[in-house]
Amino acid sequence: MPTSSFTSASSAVPCPVVESLDAILPEEPLLMMGAGPVPIPAAVAKANAIVINHLGGTMVKVIGQVKSMARYVFQTNSKWVLGVAGPGSAAMEMAISNLAWEGTRVLSIKNGFFSERMAEMGRRVGARVSTLDVADRSVASLEEVAEAIRRERPEIVTVVQGETSNTVWNYHLKEIAALAKAAGALVIVDAVCTLSTMPLEMDAWGIDAVITGGQKGLSSIPGVSLIAFSDAAWERVKGRTAPNAHWCLDASLAENFWHNAGYHYTAPVSGVLALHEALRLVCAETLEKRFARHLKCSLALQDGVAAMGLRLYTPEACRLNSVVGIEVPEGFSPADVCSHISRMHQVEISGSFGLPIVRVGQMGEQCREHNLFRTVHALGRTMVDLGVKVDLPAGVAALERGLSGGR
Ligand SMILES: *Cc1c(COP(=O)(O)O)cnc(C)c1O
């Protein structure tokens, strides 16, 4: 007797019993004060709940506005702004895999975990990658960069603006780009954590590709990223004869969607709408005011942490403001601190890939006074709970002084 193909009893993989999200998620969302993702504004969350036709007229208009707002945030007049379905690392891979291939000479200025990722992506496309290895908690001197460029004669130089892993700020970015340009190399900058938190002027500094993610400075959702190519970089993309092994990340194919209202793959429409709102809020605030807010909040946070008696990881000269690294007191691990502050105070902060630090982000919505007070208080209470001697009131007072301009 024939049996129906729909008899569930015959199914070899049984239907699992799972909990609902309501049962899994905390009743009150945790305050996301780590190295990303960061809290998103209500307008971003609302946009992220909408699905529209990815090829319709509304989408074309949204894409046009996303590109023009992104040009402002990147400070570029280049036409070649594109969105990427994927994390910041996908935008990074788009930059590397379109500009470098078998035999391309790439010089990677390696400050830590994320700048090494760009070098690794270069190796994977067959490029001849050399690295300028920079000691932890410092930046390369311009002499060292110039010497490495003379020695390696790179066609591409990669550099990170803010090395989120060890909280180092590459403050020589503009000068490094000038050195590379003078030697005829294209410059790729990772601005995933820094974009819209501190100045970056793509055109004025002569940068050829800038990448960013959604979930950090821009305060959008993770998973939709942005990239901008200069005209010179785009010429190299278009002039390559070696086929790109990546299909989704092929910039020439992505041009169909981002510039010609055509189909490449189904864009993450909700995420693009969310990014639109995040960028619109940056434009409404203006970059100048946004940079000032980030600077004030981050310095006040650093004052608060130091006044409490904890030590900042990176020396002031090259300290990243977008993500602040804090040394974990002897006898404790970063995981001890992160799990305690999350469990007892509903504040999420980050460890860092084996370094003896915890990291507190100052990106986008993290730079709000009420979030800072809650975070500094929670960090101080965590130390007290763990038996570390800190002066919490002094920390909160220093935070208040910093925020009210009395630094
Ligand atoms: C977070 C980060 C990345 C990686 O971004 P993902 O979205 O996790 O892929 C790359 N570079 C820097 C500097 C970052 O801070």
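Cut-offs used in this document
Residues numbered from 1 in each chain as written. Predicted model: local features only at pLDDT ≥ 70, side-chain atom pairs only at ≥ 80, totals over all residues. Heavy atoms only, no water. Axes fitted to C-alpha atoms, helices over the stretch in contact; angles between N-to-C directions. Helix = DSSP H or I, 4+ residues; strand = E, 2+ residues; numbered from the N terminus. Parallel < 35°, antiparallel > 145°, perpendicular 65-115°, else oblique. Left-handed = near helix turned anticlockwise from the far one by under 90°. Contact = heavy atoms within 4.5 Å. Nonpolar A, V, L, I, M, F, W, Y, C, P; charged D, E, K, R; others polar. 1 Å grid on protein atoms, 1.4 Å probe; cavity = no way out; pocket = protein on both sides within 12 Å on 5 of 7 lines; lining within 4 Å. Points joined across faces, edges and corners; volume = space filled by probe spheres on them. Phe/Tyr/Trp six-rings, centres within 6.5 Å; stacked < 30°, edge-to-face > 60°. Near = heavy atom within 4 Å. Polar contact = N/O pair within 3.5 Å; in protein donor to acceptor, adjacent residues only side chain to side chain. Areas by Shrake-Rupley, 256 points an atom, 1.4 Å probe, with all protein chains shown as cover.

A. Geometry of the packing of helix α13 (residues 369-386) against helix α14 (residues 392-403). Put simply, α13 and α14 touch, their axes get as near as 9 Å, and they point 160° apart. By the angle between their directions, the pair α13 and α14 is classed as roughly antiparallel. The handedness of the crossing between α13 and α14 comes out as right-handed. Where α13 abuts α14, its residues Glu369, Leu372, Phe373, Val376, His377, Gly380 and Arg381 lie against Leu392, Gly395, Val396, Leu399, Glu400 and Leu403. Grouping the amino acids of the contact of α13 with α14 by side-chain chemistry returns 7 nonpolar, 3 polar and 3 charged.

B. Region of interest: empty space enclosed by the protein. For the structure on display, the rule yields 1 cavity of 30 Å³ or more. What the largest cavity holds in volume is close to 70 Å³. Forming the boundary of the largest cavity are Gly83, Val84, Ala85, Val224, Ala254, Phe257, Trp258, His264, Tyr265, Ala267, Pro268 and Val272. Looking at the lining of the largest cavity, the elements that each hand over two or more residues are β2 (81-85) and α9 (251-260). For the lining of the largest cavity, the per-class residue count stands at 10 nonpolar, 2 polar and no charged.

C. Spotlight on the packing of aromatic side chains. Tallied over the entire structure, the rule returns 7 aromatic pairs. Here the aromatic rings of Phe113 and Phe353 are separated by 3.8 Å at their centres, their planes lie at 10°, and the arrangement is stacked. Here Phe353 lies in the loop between β12 (347-348) and β13 (357-361) and Phe113 lies in helix α5 (residues 113-124), a separation of 240 residues in the sequence. Between Phe114 and Phe353, the ring centres sit 5.9 Å apart and the planes meet at 85°, which makes this aromatic pair edge-to-face. With Phe114 in helix α5 and Phe353 in the loop between β12 and β13, this residue pair connects regions lying 239 residues apart in the sequence. Every member of this aromatic cluster is reached through a ring pair, and the members are Trp80, Phe229 and Trp234.

D. Highlighting the site of the ligand. Around the ligand sit 14 residues, and of these Ser89, Thr164, Asp190, Gln215 and Lys216 come closest. Thr164 has a polar side-chain atom sitting 2.3 Å from an oxygen atom of the ligand. The contact in question runs from an oxygen atom of the ligand to an N or O atom on the side chain of Lys216, over 2.7 Å. When the ligand is considered free in solution it has 380 Å² of accessible area, and contact with the protein chains removes 89% of it.

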